[in-house]
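Next come the chains, spelled out residue by residue.
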Amino acid sequence: MKLSGLFLGFFLLCADRRSSGMFHPKPSCRYPPSQWCRSLRIAIECKVQKQCMELTVVRSVQSVPPVSVTLYYDSLCPASRVFISQQLFPTWVMLQDIMTVTLVPYGNTKELPSTNSPFVCQHGEPECTANMIEACIIHLTGHVAFQIIHCMESAADVLHAAQPCVQLYAPAVSWSSVDSCLKGGLGHQLMHANAALTRALTPTHTHVPWVTFSGEYTEENEDRAMSSLFQLVCQLYQGVKPPVCTAATVKLNRGFC
């Protein structure tokens, strides 16, 4: 349940019920209004379950899909690292209620069939290793993967940061499972899947970072994303803009590999 839009509707509904004398929240409710619809238990305790259910139904009808951002990148490409650390991650932190992020570590890598080392990377073998580690992390850690990838990409040494970043953000995931993915067949399968996704891009990618919005690439959106992804996501979202979208934006210089 996305809460930001829900609370606005909730307070409007509350105001309407108060004006008609129909709404009387429990005085002893120990939760602030912003949490009344967070769970059924809280709603029942605060005696607002009916209102929360009504708002859930209304929101399901009026829901607007989030902005879907997919990043095709190389883990050791300086421009990719800057984009992740200075644009994509900060934007996601502020706008995660209205955007989704998909990471595809492969970028300018070349896949060579029927060889012992099937991948050749622009920045050498360390990048191939880092790409595969990040693919394994995305596969193994689920919803915390982006935090881990950002932790790695913003570190001085991407590869050396991998294990401590996993331990920090996904302590339940053992490093041995990541290592097994890297050294076993799973890592190669994940990279092959990323290769297929990258090769399927239309138009064909010519550099990284390469960003698509709802599966589509345009030079205009790329220019805007490299300058201020935050502002672009706010503009692309078709629903009610969150208040943070009215904040001042900072434009950054672009770079590619």
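It should be emphasised that the depicted structure is a prediction, and the values quoted were computed from it without experimental measurement. (Residues numbered from 1 in each chain as written. Predicted model: local features only at pLDDT ≥ 70, side-chain atom pairs only at ≥ 80, totals over all residues. Heavy atoms only, no water.)

Participant: For this particular structure, what's the right way to read the sheet that holds strand 5 (residues 210-213)?
Facilitator: Pairing between the strands of a sheet is mediated by backbone hydrogen bonds and can be parallel or antiparallel. Pairing within the open sheet is mixed, and its three strands lie in the order 2-1-5. The two strands at the open ends of the sheet, each matched to only one other strand, are strand 2 (99-105) and strand 5. Averaged over neighbouring strand pairs, the angle between their axes works out to 20° when direction is ignored. Pairing of strand 1 (residues 67-73) with strand 5 involves four bridges; the strand directions are antiparallel. The residue of strand 5 that forms the bridge with T70 is T212. Those strands touched by helix 10 (residues 219-236) are strand 1, strand 2 and strand 5, and its axis lies near 30° from that of strand 5. (Pairing = 2+ DSSP bridges. Helix = DSSP H or I, 4+ residues; strand = E, 2+ residues; numbered from the N terminus. Axes fitted to C-alpha atoms, helices over the stretch in contact; angles between N-to-C directions. Contact = heavy atoms within 4.5 Å.)

Participant: I keep staring at the pairing of strand 1 and nothing clicks. Help me out?
Facilitator: Looking down a regular strand, the side chains alternate between one sheet face and the other. Within strand 1, six of the seven residues are buried, which leaves it mostly tucked inside the rest of the structure. Here seven bridges tie strand 1 to strand 2, and the two strands are oriented parallel to one another. Residue Y72 lies in a different strand from strand 2, and its bridge partner there is V104. In this region the chain leaves strand 1, passes through helix 4 (residues 78-95) and returns to the parallel neighbour strand 2; the handedness of that crossover is right-handed. (Buried < 20%, exposed > 50% of the residue type's maximum accessible area, 1.4 Å probe, protein only. Right-handed = clockwise from strand over helix to strand, strands pointing away.)

Participant: In this structure, what is going on with the side chain of H205? I would like to understand it.
Facilitator: Positionally, H205 belongs in the loop between helix 9 (185-199) and strand 5. What makes H205 buried here is its relative accessible area of 16%. For H205, the contacting residues outside a window of four places in its chain are G107, N108, T198 and W210.

Participant: What is the right way to look at the packing of aromatic side chains in this model?
Facilitator: Aromatic ring pairs are defined here through the distance separating the ring centres and the angle between the ring planes. Under the counting rule described, the total for this entry stands at five aromatic pairs. Seen from their ring centres, W92 and F146 are 5.3 Å apart, and the 65° between their planes marks the pair as edge-to-face. With a gap of 54 residues between them, W92 in helix 4 and F146 in helix 6 (residues 145-153) connect regions that are remote in the sequence. In this structure, W92 and F146 share a single accessibility class: buried. Where Y106 meets F119, the ring centres are 6.4 Å apart and the plane angle is 85°; that geometry is what we call edge-to-face. With Y106 in the loop between strand 2 and strand 3 (110-111) and F119 in strand 4 (residues 119-120), this pair connects stretches of sequence that are 13 residues apart. Exposure remark for Y106: the relative accessible area of 3% places this residue in the buried category. Take F119: its relative accessible area is 9%, and that puts it in the buried class. Ring pairs connect the aromatic residues F89, W92 and F146, which therefore count as one cluster. (Phe/Tyr/Trp six-rings, centres within 6.5 Å; stacked < 30°, edge-to-face > 60°.)

Function cannot be inferred from these measures alone, as they are strictly geometric.
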